[in-house]
Amino acid sequence: MKRMSGRTALITGAAEGLGKAVAARLSEESARVVVIDRDAAAIKRASAEPDMADVTFRQVDMMDGDALAATLAEIESAGFDVDILVNNAGGSLHTPRDFFEETDAHWDQVMGLNVTAAVRTLRMILPGMKRRGYGRIVNLGSKAGRYGSLFTGANYVAAKGAIQSMTLQLAQEFGPYGITCNAVCPGAIHTPRVIGLLKERMTDDEQQAVLDTIPVRRAGRVEDVAAAVAFFAADEAGFITGQLMDVNGGQGMSS
Ligand SMILES: NC(=O)c1ccc[n+]([C@@H]2O[C@H](COP(=O)([O-])OP(=O)(O)OC[C@H]3O[C@@H](n4cnc5c(N)ncnc54)[C@H](O)[C@@H]3O)[C@@H](O)[C@H]2O)c1
């Protein structure tokens, strides 16, 4: 499908994991894609992959507000007028699950990347979308932020809850300018990093017991998430805003 021809997409934290699959998918759909990520080695690996051949990369640590602002300004002045923003950078950052083991620093780190960095990015990107009268914002929420988590902590759950609630408010405020804002909320997606985290925090039997409760009886794949992001990012999703889409094989459902 070439639904995004003529559109420019910015995807944060996307040299690896879910974001990389989203970048490949939107590029395949003919969007001009820019990825920002802090990891130079991951950028080098990703840029060598055939499905990332047309993707532009910029290296920046999004926890550094000034560096982030400078990078986003440079991207804009290089002629990338962002139509589609995927706020993907985030995660539990290997902080403890146990509430009493989570320090202020763990909370700051997780809220900083999942929420503050996304807010700063939105503050930089939304004015252009508003001026041009068009935008698709897709935030990465999580099953954790919707229903709680079996292996990450309250800091991550709260951060994803914040991004999910903010999605509704941005949809309210920017809908009149042709900008939609939605969130994709994945369950555990078996990337190498998540497989490692699960191994650390759950036995094989516990993991199997969880899989047995998932209606579709399998773990999530990065392509499952990329397809959901592409749905919200397409022109034709213009009447859909303020929605949280679960991508979890039915592990969590709400009516
Ligand atoms: N993987 C899952 O199972 C899962 C489930 C639900 C939600 N999510 C959400 O999806 C998003 C992506 O998750 P993932 O598992 O692919 O992430 P990940 O940990 O694999 O990281 C993806 C990328 O983010 C980059 N990154 C990390 N810190 C950064 C920073 N300070 N500045 C710039 N780039 C930075 C990393 O270098 C990496 O390339 C996150 O928001 C996460 O919370 C993931």
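Up top you'll find the structure we're talking about.
Residues numbered from 1 in each chain as written. Predicted model: local features only at pLDDT ≥ 70, side-chain atom pairs only at ≥ 80, totals over all residues. Heavy atoms only, no water.

This brings us to the packing of aromatic side chains. Here the structure, examined in full by the defined rule, presents three aromatic pairs. On the numbers, 6.4 Å between centres and 50 degrees between planes, the contact of F174 with Y177 is tilted. Using a relative accessible area of 34% as the deciding quantity, one classes Y177 as partly exposed. It is K130 that lies over the ring of Y177; its NZ or CZ is 4.7 Å from the centre. (Phe/Tyr/Trp six-rings, centres within 6.5 Å; stacked < 30°, edge-to-face > 60°. Buried < 20%, exposed > 50% of the residue type's maximum accessible area, 1.4 Å probe, protein only. Lys NZ or Arg CZ within 6 Å of the ring centre and 35° of its normal.)

The buried fraction of strand β5 (residues 135-140) amounts to six of the six residues, a majority that puts the element mostly inside the structure. Residues G135, I137 and N139 line one face of β5 and the alternating positions R136, V138 and L140 line the opposite face, and both faces are buried. As paired strands, strand β4 (residues 84-87) and β5 are joined by four bridges and run parallel to one another. If you follow V86 over to β5, its bridge partner there is V138. Each parallel crossover has a hand, and for β4 linked through helix α4 (residues 104-132) to β5 it is right-handed. In this sheet, strand β6 (residues 179-186) lies alongside β5 in parallel orientation, the contact comprising six bridges. For V138, the partnering residue across the bridge sits in β6 and is N182. (Helix = DSSP H or I, 4+ residues; strand = E, 2+ residues; numbered from the N terminus. Pairing = 2+ DSSP bridges. Right-handed = clockwise from strand over helix to strand, strands pointing away.)

Turning next to the side chain of K143. Turning to its location among the elements, K143 is positioned in helix α5 (residues 143-147). Despite being buried, K143 has no salt bridge partner; D246 is the closest side chain of opposite charge, sitting 9.0 Å away. Setting aside chain neighbours within four positions, we find K143 in contact with G148, C185, P186, G187, N248 and Q251. (Lys, Arg positive; Asp, Glu negative; His and termini not counted. Salt bridge = Lys/Arg side-chain N within 4 Å of Asp/Glu carboxyl O. Contact = heavy atoms within 4.5 Å.)

So, on to empty space enclosed by the protein. This model, assessed by the stated rule, comprises one cavity of 30 Å³ or more. Space inside the largest cavity adds up to approximately 50 Å³. Elements with a minimum of two residues in the lining of the largest cavity: α3 (65-77) and α4. When residues in the lining of the largest cavity are grouped by element, the largest group, four residues, is from α4. (1 Å grid on protein atoms, 1.4 Å probe; cavity = no way out; pocket = protein on both sides within 12 Å on 5 of 7 lines; lining within 4 Å. Points joined across faces, edges and corners; volume = space filled by probe spheres on them.)

Moving on, we get to the nonpolar core. Core analysis: the biggest nonpolar cluster contains 36 residues, and I11, L26, V33 and V86 have the highest contact counts within it. Those elements that provide at least two residues to this core are β1 (8-12), α1 (17-28), β2 (32-37), α2 (40-47), β4, β5 and α9 (222-233). Tallying contributions element by element places α9 first for this core, with eight residues. When sequence neighbours within four positions are dropped, the list of residues in contact with L26 reads M4, A9, I11, A31, V33, I84, V86, A230 and A233. (Core = buried A, V, L, I, M, F, W, Y, C linked by side-chain atoms within 4.5 Å.)

Our next topic: the state of the cysteines. Evaluated as defined, the whole model comprises zero disulfides. Take C181: it sits in no disulfide, and the sulfur closest to it among the cysteines is that of C185, at 11 Å. Looking at C185, the relative accessible area reads 0%, which means it is buried. (Disulfide = S-S within 2.5 Å.)

If you walk through the whole model with that rule in mind, you get eleven salt bridges. For D81, the salt bridge is made with R132, and the minimal N-O distance between the two is 3.7 Å. With D81 in the loop between α3 and β4 and R132 in helix α4, the pair connects residues that are 51 residues apart, well separated along the chain. Owing to a relative accessible area of 33%, R132 belongs among the partly exposed residues under this scheme. Its salt-bridge partner being R218, residue D224 comes within 2.9 Å of it at the nearest N-O pair. Salt bridges sharing partners connect three or more residues here, namely R3, R25, E29 and E236.

Where α1 contacts α9, the two axes come as close as 8 Å, and the packing angle between them is 55 degrees. Viewed along their axes, α1 and α9 adopt a mutual orientation that is oblique. Considering the relative orientation of α1 and α9, their crossing is right-handed. On α9, the residues touching G17, L18, A21, V22, R25 and L26 of α1 are V222, V225, A226, A227, V229, A230 and A233. Of the residues in the contact of α1 with α9, the class split is eleven nonpolar, one polar and one charged. (Axes fitted to C-alpha atoms, helices over the stretch in contact; angles between N-to-C directions. Parallel < 35°, antiparallel > 145°, perpendicular 65-115°, else oblique. Left-handed = near helix turned anticlockwise from the far one by under 90°. Nonpolar A, V, L, I, M, F, W, Y, C, P; charged D, E, K, R; others polar.)

Further remarks concern the packing of α4 against helix α6 (residues 154-174). Orientation of α4 relative to α6, taken along the N-to-C sense of each, is 15 degrees, at an axis distance of 9 Å. By the angle between their axes, α4 is roughly parallel relative to α6. Once α4 is placed against α6, the crossing between them reads as right-handed. Seen from α4, the contacting residues are H106, W107, V110, M111, N114, V115, A118, V119, L122, L126 and K130; seen from α6, they are A154, N155, Y156, A158, A159, K160, A162, I163, M166, L170 and F174. Considered class by class, the residues forming the contact of α4 with α6 number 17 nonpolar, three polar and two charged.

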